[in-house]
Amino acid sequence: MLKPSDNIIKTKNTSQYAVVIAVAKRAREITQECEDTGKVIIEKPVDLAVRDFVSGKYKINE
């Protein structure tokens, strides 16, 4: 599993728990989108979700 360093995703007020929950929720969304459209992905949904947060496409709200 991709384990990004804490300083890539976390901000001052973001807990590790919030990061895990947000990534898991985004990974489930990615999986559901792929099932709905019939798209096959090669990469793991968790890797794609982490990339979304690192790139700033999604933000973590606590």
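None of these values were measured; they are calculated from a predicted model.

## Re the packing of aromatic side chains
Then, in step 1: As enumerated under the stated definition, the model contains one aromatic pair in all.
Then, in step 2: Between F53 and Y58, the ring centres sit 6.2 Å apart and the planes meet at 55°, which makes this aromatic pair tilted.
Then, in step 3: Owing to a relative accessible area of 11%, F53 belongs among the buried residues under this scheme.
Then, in step 4: For Y58, a relative accessible area of 31% puts it in the partly exposed group.

## Considering the side chain of R26
Then, in step 1: Along the chain, R26 falls in helix α2 (residues 16–37).
Then, in step 2: Overall, R26 belongs to the buried group, its relative accessible area being 7%.
Then, in step 3: Leave out the neighbours within four places in its chain, and R26 touches E33, A49, D52, F53 and Y58.

Parameters and conventions
- Residues numbered from 1 in each chain as written.
- Predicted model: local features only at pLDDT ≥ 70, side-chain atom pairs only at ≥ 80, totals over all residues.
- Heavy atoms only, no water.
- Phe/Tyr/Trp six-rings, centres within 6.5 Å; stacked < 30°, edge-to-face > 60°.
- Buried < 20%, exposed > 50% of the residue type's maximum accessible area, 1.4 Å probe, protein only.
- Helix = DSSP H or I, 4+ residues; strand = E, 2+ residues; numbered from the N terminus.
- Contact = heavy atoms within 4.5 Å.

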